[in-house]
Amino acid sequence: MAKLKNREALEKLRNSLQVKSPKSQRLISLCAGSGCGAYGTAKVHTALQEELAKHNLQDQVQVKLTGCHGFCEKGPIMVIHPEGIFYPQVTPEKVSDIVRTTLIGQELVDKLIYKDPVTKKKISHEHEIPFYKLQKRIIFGNNGLIDPTSIDDYIAVGGYAALAKALFDMTPQDLIGEIKKSGLRGRGGGGFPTGIKWETCRRHEGQRYVICNADEGDPGAYMDRSLLEGNPHSVIEGMIIGAIAIGSNDGYVYVRHEYPLAVTNLTTALQSAMSLGLLGKNILGSGFDFDVRISRGGGAFVCGESTALMSSLEGKPGRPRAKYVHTVEKGFREGPSNLNNVETWANVPVIINQGAKWYAGIGTEKSKGTKIFSLVGKVVNTGLVEVPMGTTLRRIIFDIGGGIPKKKKFKAVQTGGPSGGCIPEQFLDLPVDFDELSKVGSIMGSGGMIVMDQDTCMVDVARYFVDFLKDESCGQCNPCREGLKNMLDILTDICQGRGREGDIELLEELGMMMQKFSLCGLGTSAPNPVLTNILYFRHEYEAHIRDKKCPAGICKPLFHYEIDSETCTGCHVCFQKCPQQAVAGDKKKPHTINQDTCIKCGICYDGCKFDAIKIC
Amino acid sequence: MIVKLEIDWKQIDEIITHYGNEKEALLMIMQDISDIYHYVPPEVVPVLAEKLGVRKSHIFSVATFYKTISLVPRGKFIVHVCTGTACHVRGAEKVMDALKTDLKAQEGETTADGLFTLEGVRCIGCCASGPVMTVNKETHGGLDRSSALKVIDNYRNLSA
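Everything numeric here is computed off the predicted structure, so don't read it as measured data. (Residues numbered from 1 in each chain as written. Chains lettered and ligands numbered in written order. Predicted model: local features only at pLDDT ≥ 70, side-chain atom pairs only at ≥ 80, totals over all residues.)

Novice: Summarise the overall build of chain A; cite the residues concerned and give the values.
Specialist: Regarding its fold elements, chain A presents 24 helices and 19 strands. Here chain A has a C-alpha radius of gyration of 26 Å; the compact-globule value for 616 residues is 25 Å, and the two agree. Each principal axis of the C-alpha atoms in chain A carries an extent, and together these give about 80 × 70 × 40 Å. For chain A, with 616 residues in total, the buried portion stands at 54%. Here the analysis covers contacts within chain A between residues at least 6 apart in sequence; of these, 71% occur between residues at least 24 apart. (Helix = DSSP H or I, 4+ residues; strand = E, 2+ residues; numbered from the N terminus. Rg over C-alpha atoms; globule rule 2.2 N^0.38 Å. Buried ≥ 20, exposed ≤ 12 C-beta atoms within 10 Å, placed from the backbone. Contact = placed C-beta atoms within 7 Å.)

Novice: A description of helix α10 (residues 223–230) of chain A should follow, citing residues and the corresponding values.
Specialist: Among the eight residues that make up α10 of chain A, eight are buried, leaving the element largely enclosed by the rest of the structure. Along α10 of chain A, the positions that sit buried rather than exposed are M223, D224, R225, S226, L227, L228, E229 and G230 of chain A.

Novice: Which residues make up the interface of chain A and chain B, and what values go with them?
Specialist: In this assembly, 40 residues from chain A lie in contact with 34 residues from chain B. Every element with two or more residues in the side of chain A that touches chain B is listed here: α2 (34–38), β9 (291–297), β11 (370–377), β15 (448–453) and α18 (458–472) of chain A. The biggest single contributor to the side of chain A that touches chain B is α2 of chain A, with four residues. The residue inventory of the side of chain A that touches chain B, partitioned by class, reads 16 nonpolar, 16 polar and eight charged. (Nonpolar A, V, L, I, M, F, W, Y, C, P; charged D, E, K, R; others polar.)

Novice: Explain the pairing of strand β8 (residues 250–256) of chain A residue by residue, including any values.
Specialist: All names here are of chain A. In terms of burial, β8 is a largely internal element, six of the seven residues being buried. Direction of pairing for strand β7 (residues 209–214) relative to β8: parallel, over a ladder of six bridges. Paired with V210 across the bridge in β8 is G251. With seven bridges joining them, β8 and β9 adopt parallel strand pairing. Residue Y254 lies in a different strand from β9, and its bridge partner there is S295. In this view, the connection linking β8 to its parallel neighbour β9 by way of helix α12 (residues 260–275) has right-handed handedness. (Pairing = 2+ DSSP bridges. Right-handed = clockwise from strand over helix to strand, strands pointing away.)

Novice: Now, about helix α13 (residues 306–313) of chain A: what can you tell me, with residues and values included?
Specialist: All names here are of chain A. Counting buried residues along α13, eight of its eight residues qualify, which places the element largely inside the surrounding structure. Within α13, burial applies to S306, T307, A308, L309, M310, S311, S312 and L313. Packing partners of the buried residues in α13 comprise β7, β8, β9 and β10 (337–341). Backbone geometry just downstream of α13 places G315 in the positive-phi region, at approximately 85°.

Novice: Before we move on, could you go through the packing of α10 of chain A against α12 of chain A and cite the residues and values that matter?
Specialist: Residue and element names in this part refer to chain A. Taken N-terminus to C-terminus, the directions of α10 and α12 make an angle of 35°; their axes are 7 Å apart at the nearest point. For the pair α10 and α12, the crossing hand works out as left-handed. Across the interface between the two elements, R225, L228 and E229 of α10 pack against L261, A262, N265 and L266 of α12. A breakdown of the residues in the contact of α10 with α12 according to their chemical character gives four nonpolar, one polar and two charged. (Axes fitted to C-alpha atoms, helices over the stretch in contact; angles between N-to-C directions. Left-handed = near helix turned anticlockwise from the far one by under 90°.)

Novice: A description of the nonpolar core should follow, citing residues and the corresponding values.
Specialist: Formed by 218 residues in total, the largest nonpolar core has its most connected members in I240, I241 and I396 of chain A together with L99 of chain B. Sequence-distant contacts of L99 of chain B, that is, excluding residues within four places in its chain, are made with V79, V81, L118, A148 and I152 of chain B. (Core = buried A, V, L, I, M, F, W, Y, C linked by C-beta atoms within 7 Å.)

Novice: Outline the confidence of the model for chain B, listing residues and values.
Specialist: Close reading of the predicted structure is inappropriate where its pLDDT is low. When pLDDT is averaged across chain B, the result is 91; 97% of the residues are at 70 or more. Scoring the predicted complex yields pTM 0.93 and, for the interface, ipTM 0.90. (pLDDT = per-residue confidence, 0-100.)

Novice: Run through the packing of helix α8 (residues 172–182) of chain A against helix α9 (residues 194–203) of chain A, naming residues and quoting values.
Specialist: Residue and element names in this part refer to chain A. Two elements in contact, α8 and α9, have axes separated by 7 Å at closest approach and are oriented at 150°. Comparing the axis directions of α8 and α9 gives the class roughly antiparallel. The handedness of the crossing between α8 and α9 comes out as left-handed. Of the residues in α9, those touching α8 at P172, I176, I179 and K180 are T194, G195, I196, W198, E199 and R202. (Parallel < 35°, antiparallel > 145°, perpendicular 65-115°, else oblique.)

Novice: Could you give me a rundown of the sheet that holds strand β4 (residues 85–87) of chain A, with the residues and numbers involved?
Specialist: Residues and elements named next belong to chain A. One open sheet accounts for four strands, arranged β2-β1-β3-β4; its pairing is mixed. The sheet is open, and its two borders are formed by β2 (62–66) and β4, each paired with just one other strand. When the angles between neighbouring strand axes are averaged without regard to direction, this sheet yields 20°. Strand direction decides the pairing type here: strand β1 (residues 27–31) and strand β3 (residues 78–81), joined by four bridges, are antiparallel. Within β3, the position partnered with L30 by the bridge is M78. Contacts from helix α3 (residues 41–54) reach β1 and β2 within the one sheet, and its direction differs from that of β1 by about 160°.

Novice: So what about the sheet that holds β9 of chain A? Which residues, and what values?
Specialist: Within a sheet, each strand pairs with its neighbour through backbone hydrogen bonds, oriented either parallel or antiparallel. All names here are of chain A. Strand order across the open sheet formed by four strands is β9-β8-β7-β10, with parallel pairing between neighbours. A strand with exactly one partner marks an edge of an open sheet, and here the two such strands are β9 and β10. Looking at each pair of strands side by side, their axes are set apart by 20° on average, direction ignored. Of the strands in this sheet, β7, β8, β9 and β10 touch helix α11 (residues 232–246), which is tilted by about 150° from β7.

Novice: Before we move on, can you summarise the domain arrangement of chain B with the specific residues and values?
Specialist: Structurally, chain B comprises domain 1 (9–65) and domain 2 (77–159). The centre of domain 1 of chain B, based on its C-alpha atoms, is set 28 Å off from the matching centre of domain 2 of chain B. (Domains from an automatic or database assignment.)

Novice: A description of the domain arrangement of chain A should follow, citing residues and the corresponding values.
Specialist: All names here are of chain A. The domain architecture assigned to chain A consists of domain 1 (25–81 + 85–124), domain 2 (154–360), domain 3 (370–453), domain 4 (458–545) and domain 5 (560–615). Computed from C-alpha atoms alone, the centre-to-centre distance between domain 1 and domain 2 is 34 Å. In this assembly, five residues from domain 1 lie in contact with six residues from domain 2. Of the residues belonging to the side of domain 1 that touches domain 2, the class tally is one nonpolar, four polar and no charged.

Novice: Can you lay out the pairing of β15 of chain A for me, pointing to particular residues and giving the numbers?
Specialist: All names here are of chain A. Judged by how many residues are buried, β15 sits mostly within the fold: six of six residues are covered. A two-sided burial pattern is seen for β15, the buried positions comprising G448, I450 and M452 on one face and M449, V451 and D453 on the other. In the sheet, β11 pairs with β15 via four bridges, with the strands oriented parallel. Its bridge partner lying in β15, G377 is registered against V451. In terms of strand pairing, strand β13 (residues 410–415) meets β15 through five bridges, oriented antiparallel. The residue of β15 that forms the bridge with A412 is M452.

Novice: Describe the environment of N478 of chain A, naming the residues involved and giving the relevant values.
Specialist: As for its position among the elements, N478 of chain A is in helix α19 (residues 478–496). Taking C-alpha positions, N478 of chain A is 7.5 Å from S518 of chain A, a pair spaced 40 residues apart along the chain.

See below:
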């Protein structure tokens, strides 16, 4: 590839690419993100190519392996353009039907059409599906249209136009002003105004660094992974624009080693941007130089904290330091360092292209733009959801997410990962943005949204997060290290039936101590999942401690299963499935469970179609 | 029984040179070595110290800080059961329990035949397909007890 010497060369390339693949062309987009990949996209792709060759269609139909489409629940996903025909859960066996009926016969394959799990209606086109229809995908939308390994695809959809604008039409001050005006705030969870961060970093002299935080450590959040895998150039373009604004020539992406596809696609993207002259020396003939290097993290949650991340970038253990001096002044290699997360960087080209005014028109008063959430757990439509800031939890979980599966009852939604909290039903109409969720004790965080139903034990959830954080605490400061250890001991005791009066108060006291005296954000926010849990679900703690009962049937020493003789039909399913032969009873007669041999594995409970098995 | 592998020093050398003998790349160098041997053989540590110009103690401090690095040998197949929040609420613990019983190994342990190492990992970002596990670099989603055991059986047959 020859280097693009100026802005005109970029535009010329864009035009030629758009002529070569017009929007009206027949195109099959097949999701190859990690989620669909786990369901077998590769095999579907092979089958599709064979089938197209069989009908001599390989030259007329373009097949694109794209990044994550977001509707991971239904993977592997296939979308046929230009119409946008949507086929979920495609297997190699279904491919020949699709090629014969839809591509050749121009008709829909009726039995493969998506069926809405809530209304049971069949919906054939992607844009009509509630999961997609109710979103506003300004950042994530291109994921389903481009091949992440092709820079041509990104340029064809308007890529690097914002970079050209930033290089030739705007000064660094203009750029900072535009980002400030847009109201963009850090998407990693902190919510710090991005423009102000850039401005402060630029003010400090020395070798400045631009860093992308792709160490997405929040369990249950994966939007950054999907952006890096599916549209790596949008992140790179954002970083270059940031570098122009800040005055830096040196960029780093700190990405998790557990995200191999993100690393691969990012590496390819960096190489192709370099070979087109969009990275490296004298970008587009502007005289501006900028390089981006990848550093792979090693699976440490604390490395999402800025000082720890920079210490890790230097090849040291990722231990945070006290922030008397901020990293924008002295960070990586003691230089002024500007750290933003993946999603924040991906917002930058959109703002520069569309203008701050347009962007600031989306969202709430203090939180502008959209936010990508990973909607997971006990919800019908799991996946990635991009909505304007200020959308209510109810709309996200029930309208887009389709509510709770198996007719179970909603109990809580956990937001903000291990630094956040569990929000109960009475707050479902809260608009989600940086400020509103903190009023009820949680945070929006990086966008993890884990839905919990009646079968989730809140004490167990608190224990889970504390257990996670105890492992991830770097151990430097006493409040965090010892506080978490003690919290875990108390919570484990409660879950095992050894809870004592006063335990709840002790947890609260420990939590407040940690919030006040821990060294870094990990420690100060670590008690949040426990404290919000106690605030809203105190009765569950009391049931564990006083009545020695786990109402959700999770903490094994605190419950047992019983078969309700009135509802049991004697269908014999539990009898056959029980690995312990603990179920007794004749067909068509009520069964019973032998409590001495039952190991409470829950197979009978999950498998009973008549809800005859009760948690007691 | 875990068979100790012969170390290919030339390959180790190539990895270090690939990163320009840069001490900031220590973690990535150890990850690349782990990709080959599934752990960082302790005899590599003095070589790394010399080539990168750092103390051995520094290498140990980095190796023990990060989860992706192990200084003890691991099995042919590294089984990572995701215990992230989304997988947790969908029953990851049941999958883990089933694997522990089947493999007769606790979390962090390697099976007696040296075939499998069982580890928990906090979120691999496949939350929509949970419970999820990875075996080496392959991801398996939508698991329950029996399908997880089937996956393990496939790998067992593969190496038989």
